[in-house]
Amino acid sequence: MGLTMDEKLKPIVDALQQRFGAQASTFRGQTRLLLERENLVAATTALRDEFGFEMLTDLTAVDYWPQESPRFHAVYWFTSWQKGGLQISLRVPLDGEDASLPTLEGVYPNANWYERELWDMFGIHIEGHSDLRRILMPHDWVGHPLRKDYPLGYEEVQFSFNQEEIMVRKAHPQE
Amino acid sequence: MSDVTLTPVSMDEVKHLVSERAMQGETVLLNMGPQHPSTHGVLRLLLELDGETVVNCIPDIGFLHTGIEKNMEAKRYEQAEVMTDRLDYLNTMGNNLAYCMAVEKLVDLDVPPRAQAIRVVMVELQRIASHLVWLGTHALDLGAMTVFLYCFREREMILDIMEMISGQRMMTTYFRPGGLWRDVPVGFEEAVRQFLRIFPARIQQYEDLLTKNPIFIDRTRGIGVVSKEDALRWGLTGPPLRGSGVPYDIRKVRPYSGYEQYDFEVPTREEGDVYARYLVRIEEMRQSLRIIRQALDKMPYGPVRSNNRKFVPPPRSEIGHSMEALIHHFKLWTDGFPAPKESVFVSVESPRGELGVYLEGDGGNKPYRVHWRTPSFANLQTLPMLAKGHLVADLVGIIGSVDIVLGDVDR
């Protein structure tokens, strides 16, 4: 554990830095590459075909609201079984007004559900997705729950002096 | 109060997922679940059927969504752990382990060797318990009632051990960042050894009932086949991946908690069908026994929680006479501990596959973002591929063989 990168990752990171202008950082031995969204599909195709990362292990996002640019980071984790469980992460920064990503379904078919979850939970639009419906929330839900500006939904405590006032603004599932 | 209106799902929303024949009424659309015993929880499958053959299968999940990821953002690191038990309720120790390992990695906290050995024993016992529930319900789905009763008899022994060490049968929260809640009580080792003595013969009993049973083989062999390439492409992990011939086990490829010290094999099969996944899991139970035996034999003495007082509260006995201990105790239970503004991804081998935790801190005492990469979610996604062309009755066996827990899928 430390700030050093896995040696087997070094040539892969160098290649991605050169070709796609990715920025690498390492924390506790885990390497993340910051990448522009335009290069995402090309970079993941290279990861799969040239560097042997045959599995998309995880795909999620982080919301940095109220920061608007970038507001989101989409976080991808890839695993290579051939290279002894080697893992690498890609992070794609996204702006608040223009939160959309190209789909990875063509490269890794299991991106399908993960991308639906991104849309459902963060409202990140996936371009070219074959089945972009909500996945965890009910189909008629309004809002994207894992955004930081979405309230957690604790109830305010009502007392006799503010009973009516709170009743008016009380959150309920339709909001 | 406003009234909540429910809008039904219109046919247009799923039109692109079914074949043209469904639109012309040649095939039947049928709901299986969400209340159906053989979907192992609240899973709804929209089936397009041609007679009894599955043409398309569209899983609909989210009925058990509890917003655990969102809730964890509002809790301190040590408080959030309680919710991890509720994700995959058949693998509570494994969820605790994944979460604790993520916190430990994020703040760079050490775990004493004794705590690691006890963690391994408990996680392997939990793996056996989980496989027993799977085996019982899977056999029950296919019509073998007896196995279910036997499996739950043995599972009860494991739950008794869990109750003995943590006071809870299922929602244990026994592992804590930096070690364990407390050391195991007297009688723990004897109870586990008793289980080790009894269990090998019991595995043989289940095998006698199923492995060469012609009905069971008819119902499982050649059903739900997934090739090695497809399994990797679709990101399958755990027994479904190993049942297709890929020996990928995180305990071997990225050992954690001292798994590198133990001698065990990763069972694989080449066939990739329901029967192969059954054989892999049966063999995994035997390997788990081997690991438990070695961990018990080599169990070191010593503390079970890290001595780093910035993250781990001091023992009660110290508070009476040490000012620093009192300050640390007060600070940790009122304010928690801060974690750096960084992110880690930690994965462990759960009974169902790769269980990953993505944990991001923001310098404060609460996680900024927690994401659970749950094996059930990833594996369930392949169900339409596995089910295509099989009979509805076989679909039940296929769902069972993927071994999903809906709490794990919906989070």
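Residues numbered from 1 in each chain as written. Chains lettered and ligands numbered in written order. Predicted model: local features only at pLDDT ≥ 70, side-chain atom pairs only at ≥ 80, totals over all residues.

Peer 1: What am I meant to see in the overall build of chain A here?
Peer 2: For chain A, the count of helices and strands is four helices and seven strands. For chain A, the α and β elements follow one another from N to C terminus as α-β-β-α-β-β-β-β-α-β-α. For chain A, whose C-alpha radius of gyration is 20 Å, the value lies well above the compact-globule estimate of 16 Å for 175 residues. Here the C-alpha coordinates of chain A stretch approximately 65 × 40 × 30 Å along the principal axes. (Helix = DSSP H or I, 4+ residues; strand = E, 2+ residues; numbered from the N terminus. Rg over C-alpha atoms; globule rule 2.2 N^0.38 Å.)

Peer 1: Is there a simple way to explain the overall build of chain B in this structure?
Peer 2: On a plain count of helices and strands, chain B comes out with 19 helices and eight strands. Its C-alpha atoms put chain B at 80 × 60 × 40 Å along the principal axes. Within chain B, the proportion of its 411 residues that are buried is 49%. Taking as baseline every contact in chain B between residues at least 6 positions apart, the subset at least 24 positions apart corresponds to 69%. (Buried ≥ 20, exposed ≤ 12 C-beta atoms within 10 Å, placed from the backbone. Contact = placed C-beta atoms within 7 Å.)

Peer 1: What is the right way to read the sheet that holds strand E3 (residues 53–60) of chain B from this model?
Peer 2: For sheets, the rule is that strands pair by backbone hydrogen bonds, running either parallel or antiparallel. Residues and elements named next belong to chain B. Strands sit in the order E1-E2-E3 across an open sheet of three strands; the sheet is antiparallel. Bordering the open sheet on either side are strand E1 (28–32) and E3, each of which pairs with just one other strand. Direction aside, neighbouring strands of the sheet carry axes that sit 25° apart on average. (Pairing = 2+ DSSP bridges. Axes fitted to C-alpha atoms, helices over the stretch in contact; angles between N-to-C directions.)

Peer 1: In this structure, what is going on with the sheet that holds strand E7 (residues 353–361) of chain B? I would like to understand it.
Peer 2: All names here are of chain B. Read across the open sheet, the three strands follow the order E6-E7-E8; overall the sheet is antiparallel. The open sheet terminates on both sides in strands that have one partner only, identified here as strand E6 (343–350) and strand E8 (367–373). When the angles between neighbouring strand axes are averaged without regard to direction, this sheet yields 15°. Sheet analysis places E7 next to E8, joined by six bridges and oriented antiparallel. Residue Gly356 lies in a different strand from E8, and its bridge partner there is Arg373.

Peer 1: How do you make sense of the interface of chain B and chain A when you look at a structure like this?
Peer 2: Interfaces are often described in size by the accessible area the parts lose on coming together. Counting residues at the interface gives 38 residues for chain B, matched by 34 residues for chain A. Where the side of chain B that touches chain A is concerned, the elements lending two or more residues are helix H3 (68–72), helix H10 (228–233), helix H12 (250–253), E6, E7, E8 and helix H16 (375–380) of chain B. Grouping the amino acids of the side of chain B that touches chain A by side-chain chemistry returns 16 nonpolar, ten polar and twelve charged. (Nonpolar A, V, L, I, M, F, W, Y, C, P; charged D, E, K, R; others polar.)

Peer 1: Looking at this structure, how should I read helix H2 (residues 40–49) of chain A?
Peer 2: Given 3.6 residues per helical turn, the α-helix brings residues three or four places apart onto the same face. Residue and element names in this part refer to chain A. Leu40, Ala43, Thr44 and Leu47 are the residues of H2 that are buried. The arc that holds the buried residues of H2, viewed along the axis, is 95°, so those residues lie on one side. Its buried side turned inward, H2 meets helix H1 (10–20), strand E4 (72–80), strand E5 (86–94) and strand E6 (100–102). (Arc of directions from axis to C-beta.)

Peer 1: I'm lost on the confidence of the model for chain B in this one. Help?
Peer 2: Any residue range with low pLDDT should be treated as having predicted coordinates unsuitable for detailed reading. Residue and element names in this part refer to chain B. Averaged over all residues, the pLDDT of chain B is 89; the fraction at 70 or higher stands at 98%. For chain B, helix H1 (residues 11–14) is the element with the lowest average pLDDT, namely 73, and helix H13 (residues 274–297) is the one with the highest, namely 93. Taken together, the chains of this predicted complex give a pTM of 0.90 and an interface ipTM of 0.87. (pLDDT = per-residue confidence, 0-100.)

Peer 1: Is there a simple way to explain the packing of helix H6 (residues 113–141) of chain B against H13 of chain B in this structure?
Peer 2: Packed helix pairs are specified by the crossing angle of their axes together with the interaxial distance, meaning the distance between the axes. Residues and elements named next belong to chain B. Here H6 crosses H13 at 160°, and the two axes come no closer than 9 Å. With respect to H13, the element H6 is oriented roughly antiparallel. Of the two elements, H6 crosses H13, and the hand of that crossing is left-handed. Contacts between H6 and H13 pair Ala117, Val120, Val121, Glu124, Leu125, Arg127, Ile128, His131, Trp134 and Leu135 from the former with Arg281, Glu284, Met285, Ser288, Ile291, Ile292, Ala295 and Leu296 from the latter. Here the contact of H6 with H13 is composed, by residue class, of twelve nonpolar, two polar and four charged. (Parallel < 35°, antiparallel > 145°, perpendicular 65-115°, else oblique. Left-handed = near helix turned anticlockwise from the far one by under 90°.)

Peer 1: Just to check I follow, could you spell out the pairing of E4 of chain A for this structure?
Peer 2: Two faces make up the sheet, and in a regular strand the side chains alternate between them. Residue and element names in this part refer to chain A. Where burial is concerned, most of E4 is hidden: eight out of the nine residues are buried. Where strand E3 (residues 55–63) and E4 come together, eight bridges link them in antiparallel fashion. Across the sheet, the residue bridging to Asp58 is Trp77, located in E4. Pairing of E4 with E5 involves nine bridges; the strand directions are antiparallel. Residue pairing across strands places Val75 opposite Arg91, the latter belonging to E5. Counting the residues in the hairpin turn of E4 and E5 gives five residues, including Gly84, whose phi is positive at 70°.

Peer 1: How should I be thinking about unusual backbone geometry in this particular structure?
Peer 2: Generally, phi is negative for residues other than glycine and the peptide bonds are trans, each holding for most cases. A cis amide bond, omega 5°, links Trp65 of chain A with the succeeding residue Pro66 of chain A. For Pro66 of chain A, the location among the structural elements is in the loop between E3 and E4. Between Ser69 of chain A and the following residue, Pro70 of chain A, the backbone shows a cis peptide bond with an omega angle of 0°. Within the secondary structure, Pro70 of chain A sits in the loop between E3 and E4. With a phi close to 50°, Arg411 of chain B is a non-glycine residue in the positive phi region. Relative to the assigned elements, Arg411 of chain B resides in the segment after helix H19 (406–410).

Peer 1: Please clarify how the nonpolar core should be interpreted in this entry.
Peer 2: It is characteristic of soluble globular proteins that their nonpolar side chains tend to be buried jointly. Core analysis: the biggest nonpolar cluster contains 150 residues, and Ala74, Leu118 and Ile124 of chain A together with Ala98, Ala102, Val121 and Val357 of chain B have the highest contact counts within it. When residues in this core are grouped by element, the largest group, 14 residues, is from H6 of chain B. (Core = buried A, V, L, I, M, F, W, Y, C linked by C-beta atoms within 7 Å.)

Peer 1: How do you make sense of the packing of H6 of chain B against helix H18 (residues 392–402) of chain B when you look at a structure like this?
Peer 2: Residue and element names in this part refer to chain B. At a closest axis distance of 9 Å, the pairing of H6 and H18 adopts a crossing angle of 175°. As summarised for this structure, H6 and H18 are arranged roughly antiparallel, according to the angle between their axes. Facing H6, whose interface residues are Thr137, His138 and Asp141, H18 presents Val396, Gly397, Gly400 and Ser401. Each residue belonging to the contact of H6 with H18 can be placed in one class, and the counts come to one nonpolar, five polar and one charged.

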